[in-house]
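# Structural features, examined
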Amino acid sequence: MSGVVEELVAAIGTEQVVTDPAVIRGYSHDEAEWAPYGAAAAVVRPRHTADVAEVVRICAERGVSVVGRGAGTGLSGAANAGQGWVVVSFERMNRVLEVDPVQQTATVQPGVVNDVLRERVAQDGLWYPPDPASAPWSTIGGNVATNAGGLCCVKYGVTRDYVLGMEAVVGTGEVVRLGRTTAKGVTGYDLAGLMVGSEGTLGLVTEVTLRLVPLRRGVEHTVVGYFDSLVDAGRAVAAVSAAGIVPSALELIDRFCLQAVDEWKNMGLSAEGEVLLLARSDLPGASGQQEAERILECFEQEKAVYAVRSTDAEEAEALFQARRLAYPALERLGPLLTEDVCVPKAQVPHMLEAIEAAGERFDTKIGNIAHAGDGNLHPLFIVPAGDEDAKNRAKQAFEVIVDQALALGGTVTGEHGVGLLKMRGAADELGPRVLAMHRAVKGALDPRGIFNPGKVFAVDG
């Protein structure tokens, strides 16, 4: 590996190539609990697309694997390095290159943080909707690689819905332009869309052009509902959907997660019931009030023990902040394995019931948070540190939940990606013929197999 490192240093400079093992270790994995990783040979921190192209060219010639990295907030192991790999960190490619208020687009480098982009485009009265819980830290490049979602997805869609075009370095070291910058365009295959969600297996994205929408300026109406069981809360979610309502957010958080937030932030949210549903309408004026009232009716008809339309904007924001804090609050309790299944909205109560059953069957504590409005559930497995038996039981429950999601017509991942944790489930979901199609695309764009091998579809066997 020393030859590769020396060649990288000669090509792009000592300052941009990190070889200190202690520093490299921190760049070698994301936040996925129990996903394996190895010691990378080097971390490269490019400043320009030309640097990235040089890195890929050198690694392709030497047969060295490459993994791209944003902020490392991923939860599937997609950003994990293998032994002797080169990690390409985009932290220095972090500029908003252009905001076009007329075309309503932004062109950015991959290291731009999601919330930084939102703040910048808001100056022009615009909004970038995808909002993963990691938005204060996660980068646009990482969001593109995993097709990230968030709380607003139920109404506004995921990252792929906002990517118009991009610049990328493919497996030959060549720089290509994919997609478009215009509002419309139907020339050729949607190769830009193909790159979104590819988890770094097809190339390294070095620039992205994003579609924006007008900034929301109206008052949001929040509805709060507490329920005695996950299944009752799931039925309320299905009822909202059946009523033809598309809220701007519909989130679920159970008592265990609320208690963890309370113990950390002393917010006093866990006293009213076993499960909390939070819904929002961002329709303007009376339409928003009417939609909120209809959501409230759905909650009440599905056995909410307490339901109300909040009139206190600060209280409503605190509730949604508690939802965002649930994951870090549970991390404080010990190792935390995160699920990410998505099922049809009508199947949400059945999926929640299956999650409870898996926890009981394998004697595993499972907390529940969810983007319930679009059927994207995040069971959280809490395991005492050092307890290998508990860890194995949690892994078994994890796989059973994956299988149950597929049995209900769902998918193994709604927004976190396949990475290393969901390869078996992804293979079952896609089947051999579709897997072969994925592998053929991989071979065309990455002929030497250097981009993130052994993940997602395990193309190297």
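Keep in mind the model is a prediction, meaning the values are calculated, not measured.

## Some details on the overall build of the protein
When its secondary structure is counted, the protein shows 14 helices and 19 strands. Relative to its length of 461 residues, the protein is compact, with a C-alpha radius of gyration of 22 Å against a globular reference of 23 Å. Each principal axis of the C-alpha atoms in the protein carries an extent, and together these give about 65 × 60 × 45 Å. In the protein, which comprises 461 residues, the proportion classed as buried is 55%. The long-range fraction of contacts in the protein, counting pairs at least 24 apart against all pairs at least 6 apart in sequence, stands at 74%. Here the protein displays about 19100 Å² of accessible surface, and carbon together with sulfur accounts for 50% of that area. Averaged over its 41 positive side-chain charges, the protein has a centre that lies 4 Å from the centre of its 60 negative ones.

## Things to note about the nonpolar core
Grouped together as the largest cluster of nonpolar side chains are 54 residues, with contacts concentrated most on L252, L277, F299, M351, L377, F381 and I401. With seven residues, the top contributor of residues to this core is helix 13 (residues 388–407).

## Notes on the side chain of N147
With respect to the secondary-structure elements, N147 resides in the loop between helix 5 (140–146) and helix 6 (153–156). We classify N147 as buried; its relative accessible area is 12%. Here R160 takes part through its backbone nitrogen, which lies 2.8 Å from a polar atom of the side chain of N147. Apart from residues no more than four positions distant in its own chain, N147 is found in contact with V158, T159, R160, V196, G197 and E415.

## Quick word on the side chain of T107
With respect to the helices, strands and loops of the structure, T107 is situated in strand 6 (residues 105–108). For T107, a relative accessible area of 11% corresponds to the buried category. Discounting residues that sit within four places of it in the chain, T107 has contacts with V96, L97, E98, E207, V208 and T209.

## Some details on the packing of helix 13 against helix 14 (residues 423–445)
Running from amino to carboxyl end, helix 13 crosses helix 14 at an angle of 20 degrees, the nearest separation of the two axes being 10 Å. If you check the angle between helix 13 and helix 14, you find them roughly parallel. Pair helix 13 / helix 14 crosses with right-handed handedness. Facing E399, V402, D403 and L406 of helix 13, the residues of helix 14 in contact are R424, G425, D428 and E429. Its residues assigned to classes, the contact of helix 13 with helix 14 shows two nonpolar, one polar and five charged.

## Some thoughts on the sheet that holds strand 8 (residues 163–169)
Here we have five strands laid out as an open sheet, ordered 5-6-10-8-9, and antiparallel in their pairing. The sheet is open, and its two borders are formed by strand 5 (96–100) and strand 9 (175–179), each paired with just one other strand. Mean inter-strand twist for the sheet, computed between neighbouring axes without regard to direction, equals 15 degrees. Where strand 5 lies against strand 6, four bridges are found, and the strand directions are antiparallel. Among the inter-strand pairings, D100 is bridged to a residue of strand 6, identified as T105. Against the sheet, helix 3 (residues 49–62) contacts strand 8, strand 9 and strand 10 (204–211), and its axis sits at roughly 55 degrees relative to strand 8. Of the strands in this sheet, strand 5, strand 6 and strand 10 are in contact with helix 4 (residues 114–122), which crosses strand 5 at around 40 degrees.

## Quick look at the UniProt feature "domain: FAD-binding PCMH-type" (unreviewed entry) in the protein
Mapped onto the present numbering, the UniProt feature "domain: FAD-binding PCMH-type" (unreviewed entry) falls at residues 36–215. Measuring from the first to the last C-alpha atom of residues 36–215 gives 41 Å, for a span that is 22% helix and 24% strand.

## Overview of the domain arrangement of the protein
Split by domain assignment, the protein resolves into domain 1 (1–89), domain 2 (96–214) and domain 3 (221–408). The centre of domain 1, based on its C-alpha atoms, is set 37 Å off from the matching centre of domain 3. If you look at the interface, domain 1 gives four residues, while domain 3 gives 10 residues. Summing both partners gives a buried area of about 600 Å² for domain 1 against domain 3, and 70% of it is carried by carbon and sulfur. On the domain 1 side of the contact with domain 3, E33, W34 and L75 bury the most area, a combined 92% of that side's loss.

What counts as what
Residues numbered from 1 in each chain as written. Predicted model: local features only at pLDDT ≥ 70, side-chain atom pairs only at ≥ 80, totals over all residues. Heavy atoms only, no water. Helix = DSSP H or I, 4+ residues; strand = E, 2+ residues; numbered from the N terminus. Rg over C-alpha atoms; globule rule 2.2 N^0.38 Å. Buried < 20%, exposed > 50% of the residue type's maximum accessible area, 1.4 Å probe, protein only. Contact = heavy atoms within 4.5 Å. Areas by Shrake-Rupley, 256 points an atom, 1.4 Å probe, with all protein chains shown as cover. Lys, Arg positive; Asp, Glu negative; His and termini not counted. Charge placed at Lys NZ, Arg CZ, Asp CG, Glu CD. Core = buried A, V, L, I, M, F, W, Y, C linked by side-chain atoms within 4.5 Å. Polar contact = N/O pair within 3.5 Å; in protein donor to acceptor, adjacent residues only side chain to side chain. Axes fitted to C-alpha atoms, helices over the stretch in contact; angles between N-to-C directions. Parallel < 35°, antiparallel > 145°, perpendicular 65-115°, else oblique. Left-handed = near helix turned anticlockwise from the far one by under 90°. Nonpolar A, V, L, I, M, F, W, Y, C, P; charged D, E, K, R; others polar. Pairing = 2+ DSSP bridges. UniProt positions renumbered as here; feature names shortened; annotations may be inferred. Domains from an automatic or database assignment. Buried area = accessible area lost by both parts, 1.4 Å probe.

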